[in-house]
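Descriptive structure summary
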Amino acid sequence: MDDIAMSSENPTKGIIINKLNGTDVYKGVPKDYTGDDVTPENFVNVITGNKEAMAGIGSGKVLESGPNDHVFINFVDHGAPGFVGFPSKTLSAKELNSALEKMHTKKMYKQLVFYMEACESGSMFEGNLLPKNMDIFATTAANAHESSYACYYDKYRRTFLGDVYSIKWMEDTDRVGTSESLQQQFQTVKEQTKSSHVQEFGDLKFDTEAIQEFLGGASGGHVEQQLKRITSPDAIKDYCADKVSSPNVPLAILYNRMNDAKTVEEQKETRVMLAEELMKRNEIAGVMKRIVDGASNANGALTEEILNGKTSPSNFDCAEAAVDAFSAHCYNVGQVDFAFRQVYALVNMCEHSSFNTTKILSSIAAACQN
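Fair warning: this is a prediction, and the values are worked out from it, not measured in the lab. Going along each chain's sequence as written, the residues are numbered from 1 onward. Side-chain atom pairs in this predicted model are given and counted only at pLDDT of 80 or more, local residue features only at pLDDT of at least 70, and totals for whole chains, interfaces and linings cover all residues. As a rule here, side-chain values come from all non-hydrogen atoms in the structure, and water together with hydrogens is ignored.

Brief notes about the sheet that holds strand β7 (residues 149-154)
For the record, the criterion: Pairing between strands is defined by DSSP: at least two bridges between them are needed. Starting at the N terminus, helices and strands are each numbered in turn, a helix being any DSSP run of H or I of at least four residues and a strand any DSSP run of E of at least two.
If you walk across this open sheet you meet the 3 strands as β8-β7-β10, and the pairing is antiparallel. Two strands close off the open sheet at either side, each with one partner strand: β8 (159-163) and β10 (244-245). Here β7 pairs with β8 via 4 bridges, running antiparallel. Directly across from Y153, in β8, lies its bridge partner F160.

This is the structure we're talking about:
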């Protein structure tokens, strides 16, 4: 989105750091697509090399790689079972893996590495979603049913500076260098990410390849300059003691602001904001309960099963339709983080034999008609 550097909430205008007392990682970073141009459709068109579709949008640049190239994709956003977020829409696991299959068919890479930071990110590649014979090695911050975690709370900026998984792979790259193998880095990040279960998927036969084959080597220095991290000797031992699950980040920020308030008035204002956030969450959870109640014909036991279950999607036609309807009629899950957390219930209904797509969509429309 490119909405951090000049945000009214950023006390260091034009500067972004990703580690406590870190250096600026914003200046000089190229930005091909920002704002409303950051959509699932554009992302897919960029990575699949659809130059015609991107004409007149942002820089218009797309991936123009070939069969001898190594490709690295790092994706960071919110997630839910079978979905990852964009500023106003979502991308399903089916859509993402279809794009990767298209890249493979078009011979757009020799080998491709995909790092994903998102809640439930393991659900984007698990099972048969990502074939093992496409020369793609993917790792995720979490398994299919858990959150990823934020850490490095900055009191001055009053926000968290990064997510544990991403912090760990970047700091490992800084510390060890890009001569380390993909599997060595995966094992290090898996060991150091204590808050969630880092996963690997796809084709593991080339995980002995050096990271520099995908990120670039120290000789060029480009990646190292872009990361611009200052890693202390204690970083290896630092497991992000202040880590917070991504869904609870807004609450943790408000609690920290309230505790750090310098005046009684500031504390009161923050307490009001916290109460409003909690009230909004209760409202959203209540709406989802009404949706499930309506679709289950008020079967209390079935409603509880849906609201408490953890299922990965396989019926993507239903799940995609339900998420789109929920975004259109209730809350845009790309813009309302806690609403995105409710997607699991829609997925559970789509996977349950007691529900069908028509019934689910009708209940969504009825629950959110006002």
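Looking at the packing of aromatic side chains
For clarity, the threshold we go by: For Phe, Tyr and Trp, where Trp contributes only its six-membered ring, two rings pair if their centres lie within 6.5 Å, and the inter-plane angle classes them as stacked under 30 degrees, edge-to-face over 60, or tilted in between.
Taken as a whole and judged by the stated rule, the model has 13 aromatic pairs. Put simply, the rings of F72, Y115, Y165 and W169 touch in pairs and so form one group of aromatic residues.

Side note on the pattern of salt bridges
Note the following rule: Salt-bridge detection follows one rule: a side-chain nitrogen of Lys or Arg within 4 Å of a carboxyl oxygen of Asp or Glu. Classification of residues uses two cut-offs on accessible area relative to the type maximum, computed with a 1.4 Å probe and protein chains only: under 20% is buried, over 50% is exposed, and between them is partly exposed.
Applying the stated rule across the entire model yields 16 salt bridges. Between D32 and K61 there is a salt bridge, with the nearest N and O atoms lying 3.9 Å from each other. Pair noted here: D32 is in the segment before α1 (40-47) and K61 is in the loop between α1 and β1 (70-76), with a separation of 29 residues, a long-range link. The class for D32 is partly exposed, based on a relative accessible area of 31%. The class of K61 is exposed, set by a relative accessible area of 53%. Across the salt bridge formed by D203 and K205, the nearest N and O atoms sit 2.5 Å from each other. With a relative accessible area of 3%, D203 lands in the buried category. We classify K205 as exposed; its relative accessible area is 60%.

Bear in mind that shape data such as this cannot, by itself, settle questions of function.
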